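Here is what each chain is made of, one letter per residue.
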Amino acid sequence: MMREVFEEGRGHASGKVILLGEHAVVYGTPAIAASLAHGARAVARRSETNRLFLGNKELPQDDPLHPALERIRTVLGAPPVELRLELDLPPGCGLGASAALGVASARALADLSGQSTSQRRISEAADAWEKVFHGTPSGVDRSAAQENGVLRFVRGQEPEKLVLRRSLFLTVAVASPAASTRDMIDNVARLRSANPDQFDKNLEAIRSLVDNATACLRSGDIRSTGRLMDLCQMILSGWMLSTEGIELACAKAREAGALGAKLTGAGGGGCIVALCENDAMSRHVQDALLDLGLEAFATRVPQ
Ligand code: MEV
């Protein structure tokens, strides 16, 4: 269906935290992700050639966001654009900034073209963008960027939105310098090749943590969800994805009252997520992490 062609197209998308199941999700195990209120916005205008701005800064033609934009244009059949991007998430540290930028951009280009574009087409365009940065993304970051709330995600399937009994109160902190997602995925793949039987046992353990956490979130058992997150962190540490900074931040969050804490996203650095009983506790945990000198914020995921 065609509609009016606009001078300007707009799109927005959410960042995310993975509550349980990162990396294992690449191998077909389920993961649970929560969309954040923080995310990305994009404004697209027609232009003779592609131009890209992040905040006030124009990005040079050799910036990797340029080939990523080309991929979106190819999928959507869109003309060259001037694309202005705004991000209110720390980039590259596990909060899904690149997927949020990809979904926001795809939505802005679709909006500009005046065609009604299906969710599936936006997903395809944003996946093409993500592949420039992550090689073989599972799609969990992109799914969370497109949705609100908490998702149970299995690679290649429609994500299932979880109906929560209670809102979730989270504290997020940047625990140590970020590592490349692609490198972390490659490291995990090497562990798998070195010891496939052991790796499969860990995948099954993560599957069972995710299944239990799904049931706990549905029934409002936040305490048990926190314990399951701690157990997931142990497996991720065993895959060498944790760092001293991540361990210190998780310990500090638990000491300050968090019900569970773990790395979130690719690991090797980047963010932790801590689950809290209520708003006051998530702010208390945030203060404890700020005292460590970390960038931290408290957020609520509505039920
Ligand atoms: C990154 O946020 C999550 C990973 O599992 C990669 C992916 O699923 O694409 C590490």
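Not measured: the values here are computed from a predicted model. (Residues numbered from 1 in each chain as written. Predicted model: local features only at pLDDT ≥ 70, side-chain atom pairs only at ≥ 80, totals over all residues. Heavy atoms only, no water.)

## As for the sheet that holds strand β11 (residues 295–301)
Reading across from one edge, β9-β10-β8-β11 is the order of the 4 strands in this open sheet, with antiparallel pairing throughout. Two strands lie at the open edges of the sheet, namely β9 (260–263) and β11, each paired on one side alone. Shown here is a sheet whose adjacent strand axes are inclined to one another by a mean of 20°, direction ignored. Packed on one face of the sheet, helix α8 (residues 244–255) meets β8 (168–176), β9 and β10 (270–276) and runs near 165° to β9. (Pairing = 2+ DSSP bridges. Helix = DSSP H or I, 4+ residues; strand = E, 2+ residues; numbered from the N terminus. Axes fitted to C-alpha atoms, helices over the stretch in contact; angles between N-to-C directions. Contact = heavy atoms within 4.5 Å.)

## Considerations on α8
A rise of 1.5 Å per residue sets the reference length of α8, with its 12 residues, at 16 Å; its end C-alpha atoms lie 16 Å apart and thus fit the reference within 8%. Taken as a whole, α8 has its buried residues at Ile246, Ala249, Cys250 and Ala253. The arc that holds every buried residue of α8, seen down its axis, measures 100°, which confines them to one face. Facing away from the buried side of α8, by more than 90 degrees, are the exposed residues Glu244, Leu248 and Glu255. The inward-facing, buried residues of α8 abut β8, α7 (222–238), β9, β10 and α9 (279–291). One or two positions beyond α8, positive phi appears at glycine 257, with a value near 120°. (Expected span 1.5 Å × (residues − 1). Buried < 20%, exposed > 50% of the residue type's maximum accessible area, 1.4 Å probe, protein only. Arc of directions from axis to C-beta.)

## Section: the nonpolar core
Leu19, Leu20 and Trp239 are the most contacted members of the largest nonpolar core, which totals 61 residues. Residue contributions to this core peak at 8 residues, all from helix α6 (residues 196–219). Not counting residues within four places of it along the chain, the set of residues in contact with leucine 19 comprises Ile32, Ala33, Ala34, Leu168, Leu170, Met229, Lys262 and Val273. Val81, Ala128, Trp129 and Ala145 belong to the second largest nonpolar core, which has 32 residues in total. (Core = buried A, V, L, I, M, F, W, Y, C linked by side-chain atoms within 4.5 Å.)

## Some thoughts on the side chain of lysine 16
Residue placement: lysine 16 occurs in strand β1 (residues 8–20). Reaching out from lysine 16, the side chain makes a polar contact with the side chain of aspartate 141 at a distance of 3.4 Å. For lysine 16, the residues in contact, after removing those within four places along its chain, are Ala34, Ser35, Leu36, Gly94, Leu95, Gly96, Asp141 and Ala144. (Polar contact = N/O pair within 3.5 Å; in protein donor to acceptor, adjacent residues only side chain to side chain.)

## Quick word on the pattern of salt bridges
Per the stated rule, a full pass over the model turns up 17 salt bridges. The closest approach of N and O atoms between glutamate 277 and arginine 223, which form a salt bridge, is 3.6 Å. Of the two residues, glutamate 277 is situated in the loop between β10 and α9 and arginine 223 in helix α7; the sequence distance between them amounts to 54 residues. We classify glutamate 277 as partly exposed; its relative accessible area is 25%. Three or more residues joined by partner-sharing salt bridges are found here, namely Glu8, Arg10, Arg45, Glu82 and Arg84. (Salt bridge = Lys/Arg side-chain N within 4 Å of Asp/Glu carboxyl O.)

## Concerning the site of the ligand
What surrounds the ligand is a group of 13 residues, the closest being Lys16, His23, Val25, Ser138 and Asp141. In the model, an oxygen atom of the ligand is placed 3.1 Å from a nitrogen or oxygen of the lysine 16 side chain. Note that an oxygen atom of the ligand is positioned 2.6 Å from one of the side-chain N or O atoms of serine 138. Protein coverage of the free-state accessible area of the ligand, which is 300 Å², stands at 97%. (Near = heavy atom within 4 Å. Areas by Shrake-Rupley, 256 points an atom, 1.4 Å probe, with all protein chains shown as cover.)

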